[in-house]
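Per-entry structural report
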Amino acid sequence: MVYGGKPSRGCRTCRQRRIKCDEEKPTCKRCEKSRRECGGYRPEFEIVHRDQTKSTVHRLRNAQSTLPPPPLADAAEYSARALVFVQEEPQSWGSDSASPSPVLTVPLAQRASCYFASNFILVPLTESTPHGFMEYLIPLIESEPAESSLRYAFNACAFALLSHHNRSDSIDLAQLSLKEHTLALGGTYKALGHPTKATAHATLATVLLLSLYESITANRESRMLAWRSHIDGAVNIIKSRGRDDICRTKTGALLFSAVRHQLVSRTLSSGMPIPFGTNWWMSSGVENNTLLATSQHLALKYTDLRTESNHLLVGQARSPQPLEQIYRLIQKVEALDRDIISWQASVPRQFCFHTLCWVYEDDISLSKGGDYAKVDVFPGRVDIYPDFVTASAWNISRVSRLLLAALSIRLTAYCCSPIDYRTTPGYRTSKSICEETISEILASVPYHFGWHTKHKDGFNTSSGISGFACGDEGPLKALPAFLVLWPLTCVKNHDITTEEQRLWAKGRLKVITENIGLKYAQIVNDVELRFPSMLIGRDGLPVSPNPFAGPGLPLRPVEAPPTPESMTSTESPTPS
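Just so it is clear, the structure is predicted and the values come from calculations on it, not from any experiment.

1. Brief notes about the state of the cysteines
Counting across every chain of the model gives 0 disulfides. You can see C31 has no disulfide; the closest cysteine sulfur is in C11, sitting 3.8 Å from it.

2. Things to note about the packing of helix 20 (residues 478-493) against helix 21 (residues 499-516)
Geometrically, a packed helix pair is captured by the angle between its two axes and the distance between the axes. Two elements in contact, helix 20 and helix 21, have axes whose closest approach is 9 Å; the angle formed by their N-to-C orientations is 150°. Here helix 20 is positioned roughly antiparallel relative to helix 21, judged by the angle of their axes. Crossing of helix 20 over helix 21 shows left-handed handedness. Contacts from A478, A481, V484, L485, L488, T489, V491, K492 and N493 of helix 20 reach helix 21 at R502, A505, K506, R508, L509, I512 and I516. For the contact of helix 20 with helix 21, the class distribution of residues is 10 nonpolar, 2 polar and 4 charged.

3. Notes on the packing of aromatic side chains
In this structure the tally under the stated criterion is 18 aromatic pairs. With 5.0 Å between their ring centres and 45° between their planes, F388 and Y447 make a pair best called tilted. Within this pair, whereas F388 is found in helix 18 (residues 388-416), its partner Y447 is found in helix 19 (residues 425-448), the two being separated by 59 residues in sequence. With relative accessibility at 5%, the residue Y447 sits in the buried group.

4. Observations concerning the pattern of salt bridges
In total, this model carries 14 salt bridges according to the counting rule given. Its salt-bridge partner being R266, residue D232 comes within 3.1 Å of it at the nearest N-O pair. On the criterion of sequence distance, the pair formed by D232 in helix 11 (residues 222-241) and R266 in helix 13 (residues 250-270) is long-range, its members being 34 residues apart. The class for D232 is partly exposed, based on a relative accessible area of 31%. For R266, a relative accessible area of 12% translates into the label buried. E528 is the partner of K506 in a salt bridge, and the nearest nitrogen-oxygen pair spans 3.4 Å. Of this pair, K506 sits in helix 21 while E528 sits in the loop between helix 22 (520-526) and helix 23 (533-538), and the two are 22 residues apart along the sequence. On the accessibility criterion, K506 (23% relative accessible area) is partly exposed. Under the relative-accessibility criterion, E528 is labelled partly exposed at 46%. Put simply, R241, D245 and R248 are held in one network by salt bridges that share partners.

5. Brief notes about the side chain of S215
Inspection of the secondary structure puts S215 in helix 10 (residues 201-217). If sequence neighbours within four positions are ignored, S215 has contacts with W227, F482, L518, K519 and Y520.

6. Let's talk about the confidence of the model for the protein chain
Of all residues in the protein chain, 75% attain a pLDDT of 70 or more, and the chain-wide mean is 79. Mean pLDDT values over the elements of the protein chain span from 35, in helix 5 (residues 75-81), up to 95, in helix 19. Scored below 50 in pLDDT, residues 66-103 makes 35 contacts in the model with residues more than four places away or belonging to other chains.

7. What to know about the pairing of strand 3 (residues 380-384)
Along any regular strand the residues' side chains alternate between the sheet's two faces. Taking burial as the measure, the 5 residues of strand 3 include 4 buried ones, the bulk of the element. Relative to strand 3, strand 2 (residues 354-359) is paired through 5 bridges, and the arrangement is antiparallel. Residue pairing across strands places C357 opposite V382, the latter belonging to strand 3.

8. Some details on the layout of surface pockets
Volume-wise, the second largest pocket comes out at about 1200 Å³. Considering the residues around the second largest pocket, the lining is formed by 43 residues, among which R228, L268, S269, S270 and W486 are closest to the centre. The set of elements that each furnish at least two residues to the lining of the second largest pocket consists of helix 11, helix 13, helix 15 (291-313), helix 18, helix 20, helix 22 and helix 23. Among the residues making up the lining of the second largest pocket, the classes are represented as 25 nonpolar, 12 polar and 6 charged.

9. Details of the UniProt feature "domain: Zn(2)-C6 fungal-type" (unreviewed entry) in the protein chain
According to UniProt, the feature "domain: Zn(2)-C6 fungal-type" (unreviewed entry) maps to residues 10-38 in the numbering used here. End-to-end, the C-alpha atoms of residues 10-38 are 10 Å apart, and along that stretch the chain is 38% helix and 0% strand.

10. Points about the nonpolar core
When a protein is soluble and globular, its nonpolar side chains tend to lie buried together. Ranked by internal contacts, the top residues of the largest apolar core, which has 145 residues, are F116, F120, L137, L209 and I512. The dominant element in this core, judged by the number of residues it contributes, is helix 18, at 19 residues. Apart from the residues within four sequence positions on either side, L209 is in contact with F116, M134, L137, L150, A153, F154 and C157. In this structure, C14, C21, C38 and Y41 belong to the second largest nonpolar core, which totals 7 residues.

Calculation rules
- Residues numbered from 1 in each chain as written.
- Predicted model: local features only at pLDDT ≥ 70, side-chain atom pairs only at ≥ 80, totals over all residues.
- Heavy atoms only, no water.
- Disulfide = S-S within 2.5 Å.
- Axes fitted to C-alpha atoms, helices over the stretch in contact; angles between N-to-C directions.
- Helix = DSSP H or I, 4+ residues; strand = E, 2+ residues; numbered from the N terminus.
- Parallel < 35°, antiparallel > 145°, perpendicular 65-115°, else oblique.
- Left-handed = near helix turned anticlockwise from the far one by under 90°.
- Contact = heavy atoms within 4.5 Å.
- Nonpolar A, V, L, I, M, F, W, Y, C, P; charged D, E, K, R; others polar.
- Phe/Tyr/Trp six-rings, centres within 6.5 Å; stacked < 30°, edge-to-face > 60°.
- Buried < 20%, exposed > 50% of the residue type's maximum accessible area, 1.4 Å probe, protein only.
- Salt bridge = Lys/Arg side-chain N within 4 Å of Asp/Glu carboxyl O.
- pLDDT = per-residue confidence, 0-100.
- Pairing = 2+ DSSP bridges.
- 1 Å grid on protein atoms, 1.4 Å probe; cavity = no way out; pocket = protein on both sides within 12 Å on 5 of 7 lines; lining within 4 Å.
- Points joined across faces, edges and corners; volume = space filled by probe spheres on them.
- UniProt positions renumbered as here; feature names shortened; annotations may be inferred.
- Core = buried A, V, L, I, M, F, W, Y, C linked by side-chain atoms within 4.5 Å.

Written as structure tokens, this is what we have:
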């Protein structure tokens, strides 16, 4: 970037008059003395980040004007074939050829938008199975003007995703994406101050795209807060407009479901209670008996139990009355786990997964030098699913079981303290649930990375339920990687996960970062957390970070956790 001199922080009037401004706030004294209206000061962001849109557009037009037009073809077919554009070198037609053949070139904006649509926008192929993702974007963008916040946010995401796979010497796609993102933020800020635009469908879709932008470009832990703040903003928009009002139309219902989907991830990952309660989100006019909605409902029920347990465990003195409540809470946790098992067993056959093959330990030893972080498949079962939304629903239920088992271990540790909770029957049951669930999640991961497309072995992997808006169904798509990111993070951070499983999960998160381009995966990969041991430690109880190792201290023999009746008022309280 060419240095253009130190930017002026003077008021707009003094800058137009080309005189030195005294920069007094709130108005310039020079303007006041000369009885001129002070034009005010530019925001600090505008001073530091200069508007280079016109120069960028000028460079693009010059580059496109020198390129030959593409061959004539049907418009829809041409657009479909230009989805994932790779610049090819001109092909020589022979040694005596006078000139090279023309190069097929697609405008940058079209390449970026098609690439995004082929990676993120999933469209249902049947009305009976509404398995889509962001399919509301297509009609909304077509109805918005070129300089709308929604189009700016879409361009920001599209350029950011393409920038990871396309390097250009003349155009900095990452910088262009940041520029579009800045324009989208400014437009959204103005829209939120407008009485009708603040709750419009386009504004809500823009906020959801801004949250996705953070997942694509996040390069530091502080960007996690930006993703969460956008989800909170989307929730506030729904609250302001009214749940029933926004769900009256098909587009509004899709937007409501999209916000709920993001809110599940937001609530599970942050430990915060669900705003307005679970029933508020599940009793809307949206169809709530779908596979994904049911799994989300079960996950939100877990968050209710987690909130209840936090009230009992954090900052509470150890006494018989809280123990009685904790025992009842353990029973609720076990009941919800049984509900999830019952739901999994009742899933219709067309939405069930199938085992593609088994991979054995010897195959790992012979491939990649035995490094679990580099192999595509973890030893064991490899499953395939009808589509990515179905796989996401299954994994949401599995993550819920993992979190419920961790919560059960945490409650058991509180009840039996100071006795080692790892000697209790409840811990052994929870550990067995975690081991089984972790294996099921790992078996689903290769499907999300397109491994099944190379190893079909007679299986028909085309279900006809959903498909991407354009492009082929090849491996390493952004959406399935985005959907499996949270289950992989839970496996990576869980106490029961073996070191081999943890290493493999970290390797898959690295692939999502480096090969697919979702930088958010790098942040969660770098954060070292362990649960439930860290939560048990926060409750003031002794823990062991390695659940497979023997206890570090001599244990008192235990037949069962202490009951509330066995406790007296003279017992010392547990540290908070």
